[in-house]
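Next come the chains, spelled out residue by residue.
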Amino acid sequence: MQPAARPQNPQFSSGPCAKRPGWSLGGLEAACVGRSHRSAEGKAKLAEAIDRSRKLLGMPADYRLGIVPGSDTGAVEMALWSLLGARGVDLLAWEAFGKGWVADVVQQLKLKDVRSFEADYGALPDLRQTDSDRDIVFTWNGTTSGVRVPNGDWIKPDRQGLTICDATSAAFAMNLPWDRLDVVTWSWQKVLGGEAAHGMIALSPRAVARLESYKPAWPLPKIFQLSKGGKLIDGIFKGDTINTPSMLCVEDALDGLRWAEAIGGLPALIARSEANLAAIAAWVGRTPWIEFLAADAAIRSPTSVCLKMADAKAAGGIADLLAKEGVAYDIGAYRDAPPGLRIWGGATVETADLQALFPWLDWAWAELYR
Ligand SMILES: Cc1ncc(COP(=O)(O)O)c(C=O)c1O
């Protein structure tokens, strides 16, 4: 028998992620559309998105935060191409996105003094092998394997190198130790349920110092440039976004930020995500045919929750069947990850919707083996 109740919101995608509870297009009516983003009103909206983000995240006052093109990918690439090459680099990778950054540094930038520490889906490399007097590039939360770093204790607070952290599925869901992070990037389409296309980049004073003192040996397209003539392009961090942003997306990002403030800020966002992970863990605990991809609970992601199943066909079958029923969209494992399910547990997902989903997952499994 099909379960009687359905999730109110069937959106469990790991990006773009579910809109916040109560979201509607009507909430974007104040968008500064049809106006120049350089008008006073447009710039004020962009600056507001920056200010609200910094406050919500508890970013140190001397860090800079800017809106950049190309979503999180754009933000990470800007950092890699603008900052690397000044000293040796340690790269950490344990899933598709981290491996992509390794390929970029090794094959595109062709840096020679590079050490790469990699692990397979479900595990973390030994973080203590890194040397924070070299530059370190890593992903805080590996969205395709559901594995996150447990903390930043393996990074020295008084380091010589820069840490470049892709935090796109971690920001607004996990505590980020700012004193260990020099570059932090994310996109709007993840934890707060914003629209894609825009990225954000946070820079520590030491990252700014590197930008102002080091010129890479390779050319940089205008869209990636963070400094000019040995000076940081200050406007990027005040709302003078380099190329034209969508003011509709900006309004939507503001909507997400205001919602996050209203429910209690970062602690509330983290608590919602952790509650979602706990709910999924309880279901996994009572379900014999599925387990966490990450065996170690200390490194399990509460946002991109990745589960594995012995039967690859069944995994795809469950995801397809529940999408067809309109009960859950986009819950199949990432294409390069081991077969299984990936269920987003970020703050915009209601725990009650997950509770409503579990009986459907049990039902779909039974249907496939009938
Ligand atoms: C860890 C990580 N890095 C990078 C990206 C790419 O993000 P975007 O498509 O927003 O550039 C994603 C998207 O899921 C991600 O999860």
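Look above for the structure.
Below or above, wherever it landed, is the structure these notes cover. (Residues numbered from 1 in each chain as written. Predicted model: local features only at pLDDT ≥ 70, side-chain atom pairs only at ≥ 80, totals over all residues. Heavy atoms only, no water.)

**Observations regarding the sheet that holds strand β12 (residues 291–292)**
Then comes step 1: An order of β12-β13-β14 is seen for the three strands of this open sheet, with the pairing classed as antiparallel. Because the sheet does not close on itself, it has two edges, and the strands there are β12 and β14 (340–344).
Then comes step 2: As paired strands, strand β13 (residues 304–308) and β14 are joined by five bridges and run antiparallel to one another. In the sheet register, V305 faces β14, and the bridge partner there is I343. (Pairing = 2+ DSSP bridges. Helix = DSSP H or I, 4+ residues; strand = E, 2+ residues; numbered from the N terminus.)

**A few points about unusual backbone geometry**
Then comes step 1: Following G15, the chain continues to P16 via a peptide bond in cis, the omega torsion being -10 degrees.
Then comes step 2: Within the secondary structure layout, P16 lies in the segment before α1 (40–57).
Then comes step 3: The phi angle at S71 is positive, at roughly 60 degrees, despite the residue not being glycine.

**Here we look at the packing of aromatic side chains**
Then comes step 1: Summed over the entire model, instances satisfying the criterion amount to eleven aromatic pairs.
Then comes step 2: Ring geometry for F97 versus Y334: centroids 6.0 Å apart, planes at 50 degrees, classification tilted. With F97 in helix α3 (residues 96–108) and Y334 in the loop between α7 (312–324) and β14, this pair connects stretches of sequence that are 237 residues apart.
Then comes step 3: Residue class for Y334 comes out buried when judged on its relative accessible area of 15%.
Then comes step 4: Summarising the aromatic geometry, the rings of W283 and F358 are spaced 5.4 Å apart at their centres and angled 5 degrees between planes, so their arrangement reads as stacked. Taken together, the residues W283 in helix α6 (residues 265–285) and F358 in helix α8 (residues 351–368) connect sequence positions 75 residues apart. The pair formed by W283 and F358 is uniform in burial state, with each residue classed as buried.
Then comes step 5: Three or more aromatic residues joined by ring pairs make a cluster, and in this case those are W283, W289, F358, W365 and Y369.
Then comes step 6: One cation-aromatic arrangement involves R300 over F292; the distance from NZ or CZ to the ring centre is 3.9 Å. (Phe/Tyr/Trp six-rings, centres within 6.5 Å; stacked < 30°, edge-to-face > 60°. Buried < 20%, exposed > 50% of the residue type's maximum accessible area, 1.4 Å probe, protein only. Lys NZ or Arg CZ within 6 Å of the ring centre and 35° of its normal.)

**Overview of the side chain of R180**
Then comes step 1: Among the secondary structure elements, R180 is positioned in the loop between β7 (163–166) and β8 (183–187).
Then comes step 2: At a separation of 3.4 Å, a polar atom in the side chain of R180 contacts the main-chain carbonyl oxygen of G152.
Then comes step 3: A distance of 3.2 Å separates a polar atom in the side chain of R180 from a polar atom in the side chain of D179.
Then comes step 4: Excluding its chain neighbours within four sequence positions, the residues that come into contact with R180 are G152, D153, I155, K156, P157, R159 and T163. (Polar contact = N/O pair within 3.5 Å; in protein donor to acceptor, adjacent residues only side chain to side chain. Contact = heavy atoms within 4.5 Å.)

**Focus: α6**
Then comes step 1: A rise of 1.5 Å per residue sets the reference length of α6, with its 21 residues, at 30 Å; its end C-alpha atoms lie 30 Å apart and thus fit the reference within 8%.
Then comes step 2: Those residues of α6 that sit buried are G265, L266, A268, L269, I270, S273, N276, L277, A279, I280, W283 and V284. (Expected span 1.5 Å × (residues − 1).)

**Side note on the site of the ligand**
Then comes step 1: Around the ligand, a shell composed of 14 residues is seen, among which S71, T73, T143, D166 and K190 lie nearest.
Then comes step 2: D166 is positioned such that a nitrogen or oxygen atom in its side chain is 2.6 Å from a nitrogen atom of the ligand.
Then comes step 3: Here an oxygen atom of the ligand and a side-chain polar atom of K190 are 2.7 Å apart.
Then comes step 4: Here the ligand, which alone exposes 390 Å², has 85% of that area covered by the protein.
Then comes step 5: Those elements that place two or more of their residues in the shell around the ligand are α2 (71–83) and α3.
Then comes step 6: In terms of residue count, the dominant contributor to the shell around the ligand is α2 (three residues).
Then comes step 7: A breakdown of the residues in the shell around the ligand according to their chemical character gives two nonpolar, nine polar and three charged. (Near = heavy atom within 4 Å. Areas by Shrake-Rupley, 256 points an atom, 1.4 Å probe, with all protein chains shown as cover. Nonpolar A, V, L, I, M, F, W, Y, C, P; charged D, E, K, R; others polar.)

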